[in-house]
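If you want the building blocks of each chain, they are given just below.
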Amino acid sequence: ESRGYQVLTADDGMKAVEIVRTEMPDLVLLDLMLPKLDGYRVLRLLKSDEKFQQVPMVVITARADQEDWAMAMECGADGCLTKPIRRDLLLEQVETYLGKGRLPSA
């Protein structure tokens, strides 16, 4: 938000799906470990819908093993970040997926 982005949040996977479906965001940052619907299921639900196939979805996880990343990619993730997340890397990913090329001024 301090960089000019509107940020919407959800406390669980079901709310995340609802927000994405109603708000149609430009980018989704998605934790894999969510209550109600985990991130894998959220990815599958959203990426199976043609309307959301072009929305970049970046997984954020504390799990750093290749198996989790591979499964996330199979479910439709466009990228993965490992917790703890460095702010500069997060902003770099946001810019990459939004295609801005440079960070907006604060």
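The shown structure was predicted, so the numbers you read here are calculated from the model rather than taken from an experiment.

*Asks:* Explain the overall build of the protein to me, using residue names and the numbers behind them.
*Replies:* Within the protein, the regular secondary structure consists of four helices and three strands. In sequence order, the secondary structure elements of the protein are arranged as α-β-α-β-α-β-α. Relative to the 2.2 N^0.38 estimate, which gives 13 Å for 106 residues, the radius of gyration of the protein is 13 Å and therefore close to what a compact globule would have. The proportion of buried residues among the 106 residues of the protein is 35%. Excluding contacts between residues fewer than 6 apart, the proportion of contacts in the protein whose partners are at least 24 apart in sequence is 51%. Accessible surface for the protein amounts to roughly 6800 Å². Of this, 49% is attributable to carbon and sulfur atoms. The positive charge centre, built from 14 side chains, and the negative charge centre, built from 18, are 3 Å apart in the protein.

*Asks:* So what about the sheet that holds strand β3 (residues 79–82)? Which residues, and what values?
*Replies:* Spatially, the three strands line up as an open sheet ordered β1-β2-β3, and their pairing is parallel. The open sheet has two free edges, formed respectively by β1 (28–31) and β3, since each of these has just one partner strand. Shown here is a sheet whose adjacent strand axes are inclined to one another by a mean of 25°, direction ignored. Of the pairings in the sheet, the one linking β1 to strand β2 (residues 57–61) comprises four bridges and is parallel in character.

*Asks:* Lay out the pattern of salt bridges in plain terms, naming residues and giving numbers.
*Replies:* For side chains bearing opposite charge, pairing can occur when the charged atoms are close. One pass over the full model with this rule turns up four salt bridges. When the shortest N-O distance is used, the salt bridge between D12 and K36 registers 3.7 Å. Within this pair, whereas D12 is found in the segment before α1 (13–23), its partner K36 is found in the loop between β1 and α2 (39–47), the two being separated by 24 residues in sequence. Using a relative accessible area of 5% as the deciding quantity, one classes D12 as buried. A relative accessible area of 61% means that K36 is categorised as exposed. Two residues, K83 and D31, come together in a salt bridge whose shortest N-O distance is 2.6 Å. Of this pair, K83 sits in the loop between β3 and α4 (87–98) while D31 sits in strand β1; the two residues are 52 residues apart in sequence, bridging distant segments of the chain. On the accessibility criterion, K83 (36% relative accessible area) is partly exposed.

Each value, and the rule that gives it
Chains are numbered independently. Their residues run from 1 in the order of the written sequence. This being a predicted model, a pLDDT of at least 70 is required before a residue's local features are given, and a value of 80 or more before pairs of side-chain atoms are given or counted; all residues contribute to the totals for chains, interfaces and linings. In computing side-chain values, all of the structure's heavy atoms are included and hydrogens and water are not. Secondary structure follows DSSP: runs of H or I at least 4 residues long count as helices, runs of E at least 2 residues long count as strands, and numbering of each begins at the N terminus. Radius of gyration: C-alpha atoms only; globule rule: 2.2 Å multiplied by the number of residues to the exponent 0.38. To sort residues, take the accessible area from a 1.4 Å probe on protein chains only and compare it with the maximum for the residue type: under 20% means buried, over 50% means exposed, and anything in between is partly exposed. We call two residues contacting when some pair of their heavy atoms lies within 4.5 Å. Values of accessible area rely on a 1.4 Å probe in the Shrake-Rupley scheme; residue burial ignores everything except the protein chains shown. Residues counted as positive are Lys and Arg, residues counted as negative are Asp and Glu, and His and the chain ends are not counted. Charge coordinates come from a single atom per side chain, which is NZ of Lys, CZ of Arg, CG of Asp or CD of Glu. Strand pairing is assigned whenever DSSP detects at least two bridges linking the two strands. Interaxial angle, 0 to 180 degrees, is taken between N-to-C directions of lines fitted to C-alpha atoms, where a helix line uses only the stretch in contact. Any carboxyl oxygen of Asp or Glu that lies within 4 Å of a side-chain nitrogen of Lys or Arg is treated as forming a salt bridge with it.

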